[in-house]
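Here is what each chain is made of, one letter per residue.
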Amino acid sequence: MTTQTMSLGGAINAGLRAAMERDDRVVLMGEDIGRLGGVFRVTDALQKDFGENRVMDTPLGESGIVGTAVGLVTRGYRPVVEIQFDGFVYPAYDQLVSQVAKLHFRSAGRIRVPLVVRIPFGGGIGAVEHHSESPEAQFVMTAGLKVVSCATPHDAYWMIQEAIESDDPVIFMEPKRRYWEKGEVDTSDPGVDLWSSVVRRRGSDATLIAYGPMVRTCLDAATTAADEGIELEVIDLRSLSPLDLGPVFESVRRTGRAVVVHEAQRTLGLGAELSARISEECFYSLEAPVQRVTGYDMPYPPSRVENEFLPSVDRILDAVDTAKEF
Amino acid sequence: MTLPMTPQPGALAGEHELVQLLSPDGTRRHDPRFPDDDVEREQVEGWYRDLVLTRRIDTEAFALQRHGELGLWPPALGQEAAQVGSGRALRPQDFAFPTYRDHGVAYCRGVDPTQLLGLFRGTELGSWDPQEHRYGLPQIIIGAQTLHATGYAMGLLLDGAVGHGDPERDAATIAYLGDGATSQGDVAESFVWAASYQAPVVFFCQNNQYAISVPLERQTRVPIAQRAAGFGFEGIRVDGNDVLACHAVTRAALQKARDGGGPTLIEAVTYRMGAHTTSDDPTRYRTADETEQWKAKDPIARVRAYLEAEGATPDFFASVEAEADQLGARLREACAQLPEPDLADLFSSVHTDLPPELAAQRDDAVAWQALDERGAA
Ligand SMILES: Cc1ncc(C[n+]2csc(CCOP(=O)(O)OP(=O)(O)O)c2C)c(N)n1
């Protein structure tokens, strides 16, 4: 076992580096990712070390970035493109939904689309509008795309490499507010594969289900609850499409209570799908309806009130209480 | 084979025609295509004041960010002449669609400078009424506003607000954009639409040489102004640090639009003297040398030199300075007093009505606010 302490952003950088060393068909494209190293420095020093042919500072256009990546894929490359912030993915939406998601299907499997689209997402960093959004459900509901989100440096390091190795297009959602959080990375062993959910904390009273930035918040909630003698189980979904719900069902059958947590708006967020699936599979074990702690159904608000908009430890614990008192 | 490397910054500079009416040393000249004989010292003094106040808004806001009062600020430092020259060419009935950096245009449209702060303090998303000032909200999605300006211009055509030869009635729109924005699909589509409908719109591109870290030369192999020809309208390249030239060229383009002559693309060649935003570190992608060279082309110094030669008094300059100081103080004071947003109130702005489902969510937010207040007390 070889472990190193890394920040989550640094771990993605190290993962990209490892993937680029392994396969010279891996190329990076995006706005400001080369000379600057990305606005979050996630691609820091990669252009210096791999050259401008492998790490391209593109013209300013997201449809251009994703659309040309489709062409590169067709030519046998494995592009990893960066969308600078969540709110800037929409100019590329057409390419993602109509082209990236469908090319394998339309070509009856003749063309594989090993494309990774990295998107720093979510709020909590005091940013201006369009810089704090959580559009993941829009990609989850797009048949043909796979969607994952990392929550720890260890996962960041491995999941980016596995996403690059995948022959299917992967939307890689990076929890930007966790970029600077540090953790141990075992660079010799990923542990679990990309498509699996994992139990981050064992507990018997209720199951918290989250991904990306909210995993840490749920773990904090579980710590607080434990002080009051309530044991919460925390599941990190990791893969949002496809979903790996085996561990979720197993857990909810034990605890009888499920609380889904995400920053994205409530209506048709991941919580809607999870609630439906848990109700279908765990109906007789449920002691209470599945609870959802989410952003409200409004555009992301001005940052001075974002903490009221985003799920907090208190709101999560309140949902646990509601489930317990049902 | 390899892909062409990112060209060196500056590769496009200098070789192409540039309208200039006031040289960096303050010498005035005339260009028969853009007559400005009517522009007299008093008017230039007015613009000098605008330039100085714009710069003060900018440097004051920058300082407020450094003191933690703003989350972010995108400096307009160095681009004041492009913003004031074009902004002062607008008539009240014209409509401007800006980006996040166009503080000087906002000022020209009568937006109170204190209203520029809320977006960057995180207290609000848009603090003025776009219809009242005929000045849109700052656009952060690169290029999107060029389509809005074009559509507004189509509305002017549909309303018959163009081509009467009536200066009170004929109107045009102006879209502000950066050099990076010219790569966006939205911008190409706005050029197509504007040409196709001969819409009364002026595209005012402030080519400040960089899109964050990416130099102009990554976006284009020809000067931006040349792009217009391919879409079938006129493109003009102007010294963006020359307030007289920016005014004269924009005035002519707006008049052509109001007369029914269709769109124009203006490329104002300038330089972003500051960082992209307060979060940016330009030392990672450009040299101090380069920035220093542009300093010699400062948009304010040349106007001052001109006015001094024309006999403007020290009192005049002192009074502008005093006014700038007052404005700075007012901005500092207003910033701290910007009202905090209320999440509960924001639910009413999502739609024109408050559907019951959303009202229930608002009630939930209100209940949490009450709890938090109790917790805090
Ligand atoms: C659609 C979109 N993509 C990316 C960004 C991130 N971004 C913000 S400003 C900027 C550069 C813009 O450059 P330019 O158009 O030249 O204007 P400038 O900032 O230099 O005034 C980028 C890439 C964005 N705001 N919107």
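All of these numbers come straight from a predicted model, not from anything done at the bench. (Residues numbered from 1 in each chain as written. Chains lettered and ligands numbered in written order. Predicted model: local features only at pLDDT ≥ 70, side-chain atom pairs only at ≥ 80, totals over all residues. Heavy atoms only, no water.)

Participant: Just give me the short version of the sheet that holds strand E4 (residues 78-82) of chain A, but keep the residues and values in it.
Facilitator: Residues and elements named next belong to chain A. Pairing in this open sheet of seven strands is mixed, and the strands run E3-E2-E4-E5-E7-E6-E12 from one edge to the other. Only two strands of the sheet have a single partner each, and these edge strands are strand E3 (55-57) and strand E12 (239-241). Strand after strand, the sheet turns through a mean of 20° between neighbouring axes, direction not considered. As defined by bridge partners, strand E5 (residues 116-121) adjoins strand E7 (residues 170-175) across six bridges and the pair is classed as parallel. Directly across from Arg118, in E7, lies its bridge partner Phe172. (Pairing = 2+ DSSP bridges. Helix = DSSP H or I, 4+ residues; strand = E, 2+ residues; numbered from the N terminus. Axes fitted to C-alpha atoms, helices over the stretch in contact; angles between N-to-C directions.)

Participant: Kindly report on the packing of aromatic side chains, identifying the contributing residues and their values.
Facilitator: Describing an aromatic ring pair means giving the distance of the ring centres and the angle of the ring planes. Using the criterion set out here, one finds 27 aromatic pairs over all chains in the structure. Centre to centre, the rings of Tyr48 of chain B and Phe316 of chain B are 5.8 Å apart; their planes meet at 50°, and the pair counts as tilted. Note that Tyr48 of chain B is positioned in helix H1 (residues 41-66) and Phe316 of chain B in helix H13 (residues 314-337), a separation of 268 residues in sequence. Pair check on accessibility: Tyr48 of chain B and Phe316 of chain B agree, each one buried. Aromatic pair Phe203 of chain B and Phe233 of chain B: ring centres 6.1 Å apart, planes at 35°, arrangement tilted. Of the two residues, Phe203 of chain B is situated in strand E3 (residues 201-207) and Phe233 of chain B in the loop between helix H9 (227-231) and strand E6 (234-239); the sequence distance between them amounts to 30 residues. The exposure class of Phe233 of chain B is buried, given its relative accessible area of 8%. Each residue in the set Phe40, Phe85, Phe88, Tyr179 and Trp180 of chain A is aromatic and connected to the rest through ring pairs, giving one cluster. Sitting over the face of the ring of Tyr77 of chain A, Arg25 of chain A holds its NZ or CZ atom 4.0 Å from the ring centroid. Directly above the aromatic system of Trp294 of chain B lies the positively charged group of Lys297 of chain B, at a separation of 4.0 Å from the ring centroid. (Phe/Tyr/Trp six-rings, centres within 6.5 Å; stacked < 30°, edge-to-face > 60°. Buried < 20%, exposed > 50% of the residue type's maximum accessible area, 1.4 Å probe, protein only. Lys NZ or Arg CZ within 6 Å of the ring centre and 35° of its normal.)

Participant: How would you explain the packing of helix H8 (residues 213-227) of chain A against helix H12 (residues 313-325) of chain A if you had to name every residue and give the values?
Facilitator: Residues and elements named next belong to chain A. Relative to each other, H8 and H12 sit at 60°, their axes nearing to 9 Å. Of the two elements, H8 crosses H12, and the hand of that crossing is right-handed. The residues of H12 that touch H8, namely those facing Thr217, Cys218, Asp220, Ala221, Thr224 and Ala225, are Val313, Ile316 and Leu317. Its residues assigned to classes, the contact of H8 with H12 shows six nonpolar, two polar and one charged. (Left-handed = near helix turned anticlockwise from the far one by under 90°. Contact = heavy atoms within 4.5 Å. Nonpolar A, V, L, I, M, F, W, Y, C, P; charged D, E, K, R; others polar.)

Participant: Could you give an account of helix H6 (residues 144-158) of chain B, naming the residues involved and the relevant values?
Facilitator: Residues and elements named next belong to chain B. Helix length check: H6, at 15 residues, gives a terminal C-alpha distance of 22 Å against a target of 21 Å (1.5 Å per residue), a fit within 8%. Considered for burial, the residues of H6 that qualify are Ala144, Gln145, Thr146, Ala149, Thr150, Ala153 and Leu156. On its buried face, H6 sits against strand E1 (95-97), strand E2 (173-178), helix H7 (185-197) and E3. Trailing H6 by a residue or two, Gly160 shows a phi angle of about 65°, which is positive. (Expected span 1.5 Å × (residues − 1).)

Participant: Please give an account of the interface of chain B and chain A that cites residues and values.
Facilitator: Taken together, the contact pairs 42 residues of chain B with 39 residues of chain A. A combined buried area of about 3,700 Å² lies between chain B and chain A, and 60% of that area is made up of carbon and sulfur atoms. The largest share of the area that chain B buries against chain A comes from Arg284, Leu343 and Trp368 of chain B, three residues that together contribute 18% of it. For the interface between chain B and chain A, the tally reads two salt bridges. Close ionic contact of Arg284 of chain B with Asp44 of chain A constitutes a salt bridge, the shortest N to O distance being 2.6 Å. Applying the counting rule to chain B against chain A returns twelve residue pairs in polar contact (both at pLDDT 80 or more). If you list the elements that add at least two residues to the side of chain B that touches chain A, you get helix H4 (118-121), helix H8 (216-219), helix H14 (343-346) and helix H15 (356-376) of chain B. With six residues, the top contributor of residues to the side of chain B that touches chain A is H15 of chain B. Class assignment of the residues belonging to the side of chain B that touches chain A gives a composition of 23 nonpolar, eleven polar and eight charged. (Buried area = accessible area lost by both parts, 1.4 Å probe. Salt bridge = Lys/Arg side-chain N within 4 Å of Asp/Glu carboxyl O. Polar contact = N/O pair within 3.5 Å; in protein donor to acceptor, adjacent residues only side chain to side chain.)

Participant: Give me the site of the ligand: which residues, what numbers.
Facilitator: The environment of the ligand is formed by 20 residues, the closest being Glu62 of chain A together with Tyr100, Arg101, Ile140 and Gly180 of chain B. Near the ligand, residues from chains A and B are present, making the site a shared one. Taking Gly180 of chain B, its main chain carries an N or O atom lying 2.7 Å from an oxygen atom of the ligand. The fraction of the free accessible surface of the ligand (580 Å²) that becomes covered by protein chains is 95%. Grouping the amino acids of the shell around the ligand by side-chain chemistry returns ten nonpolar, six polar and four charged. (Near = heavy atom within 4 Å. Areas by Shrake-Rupley, 256 points an atom, 1.4 Å probe, with all protein chains shown as cover.)

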